[in-house]
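Structural overview
What follows is the residue order along each chain.
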Amino acid sequence: MIETARLDRHLRELERRLRGLEAPQDVIDEARDHLLEATAAYMCGGLDRGAALDRALSEFGTPRRVAAGFLGARCVQESRRLWRDSWRLGLISSVPAFTAWLLLPALAAGTLDPVNMPGLAAAEWAGRLDAAALAAVALLARVPYPRLRERWLLPVPFLLAALGWFITLDGAVASGFFAERAATALDAAPALPGALALGALGGATAWLLVRPQRTSALVWNTLTWR
Amino acid sequence: MRAEQLKGHLDGLLLATLEAGPLHGYAIIELLRERSTGAFDLPSGTVYPALHRLEMAGLIASDWSVVAGRRRRTYRLTARGQEALLGERRTWRRFAGAVDSLLGEPA
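Please read these numbers as outputs of a predicted model, since none were measured by experiment.

Moving on, we come to the pattern of salt bridges. All told, the structure shown has 16 salt bridges over all chains when counted by the stated rule. For Arg89 of chain B, the salt bridge goes to Glu19 of chain B, with nearest N and O atoms at 2.6 Å. Taken together, the positions of Arg89 of chain B in helix H4 (residues 79-103) and Glu19 of chain B in the loop between helix H1 (10-17) and strand S1 (23-24) put the pair 70 residues apart, joining distant regions of the chain. Here Glu19 of chain B falls in the partly exposed class, since its relative accessible area comes to 34%. The network of salt bridges with shared partners includes Asp33 and Glu37 of chain A together with Arg70 and Arg72 of chain B.

Given below as structure tokens:
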């Protein structure tokens, strides 16, 4: 029937515009139910099927307007969750690596030769990658989610940080850092608080850049994994 | 009444329609229209995003069923939604009282 085809076309257009939304099929099924019930009600009121469907579609709103309503409502919440998870994971993985980057030279100054330490260069690059990850998270968090068409960009800061963390660990293993750790622990002890404090400061700065007005709530959510 | 004029009150109105019992989307929209004697005749496409927003906030919950061969989503008020509705009523009474004291019939 022509009317069924028109309804399907309307819903297909709505589905296309809802791309990127969670569970779009639920929205389509609900819209279908509404439109069919509205059409039946108008037919009971005396309209023929075509005119009843016209009125139901007009009343429901264009696919563009309806999709904008859903995307606006869901994306505001979803974007907050996605950005929160993205920078949280990026920070959790990058702050330790950043700290290790600061810590290694301090420990190396004790008993290891920093010039010949094979892992030190890698650790420095890891630190630069982590700093880039933190900057990327801070910058991308400013972009409103609906404008960010490609969801694949979201994990980039986290991946940069994870890569930095991996390189740091790899460099530390290659340099014999862990093997020497027991011997250098006492020498490194005075440098530890300073290195950790700098790492925490770097993390706190990133938090302030990303969400200054909700920093305390985000810290709590991070600690409680909410 | 246009949707823009209802901004800020739509959530409370939707919660109020569910107070008597679970309803599906079309029934909610019709109830809004009937109980407002036609004053609240909103585009259906703006009501459904509002319902989903309320569900994500935990103020309403939904269940799916099959009616006449198609899926139907029915909404119901949660305990949090009931509390929110009471809050909306208190806020509205204060607001309406304040507006009435200024816009009401002159003494």
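Now that the structure is up, let's keep going.
Moving on, we get to the confidence of the model for chain B. Residue and element names in this part refer to chain B. Residues with a pLDDT of 70 or more make up 90% of chain B, whose mean pLDDT is 85. Across chain B, S1 holds the top mean pLDDT of 95, while helix H3 (residues 44-56) sits lowest at 86. Across the interface, the model reports ipTM at 0.85; the global pTM reads 0.56.

Here we take up helix H2 (residues 24-44) of chain A. Taking 1.5 Å of rise per residue, 21 residues should cover 30 Å, and H2 of chain A covers 30 Å from first to last C-alpha, within 8% of that figure. Downstream of H2 of chain A by one or two residues, Gly46 of chain A has phi in the positive range, about 115°.

How each quantity is defined
Residues numbered from 1 in each chain as written. Chains lettered and ligands numbered in written order. Predicted model: local features only at pLDDT ≥ 70, side-chain atom pairs only at ≥ 80, totals over all residues. Heavy atoms only, no water. Salt bridge = Lys/Arg side-chain N within 4 Å of Asp/Glu carboxyl O. Helix = DSSP H or I, 4+ residues; strand = E, 2+ residues; numbered from the N terminus. Buried < 20%, exposed > 50% of the residue type's maximum accessible area, 1.4 Å probe, protein only. pLDDT = per-residue confidence, 0-100. Expected span 1.5 Å × (residues − 1).

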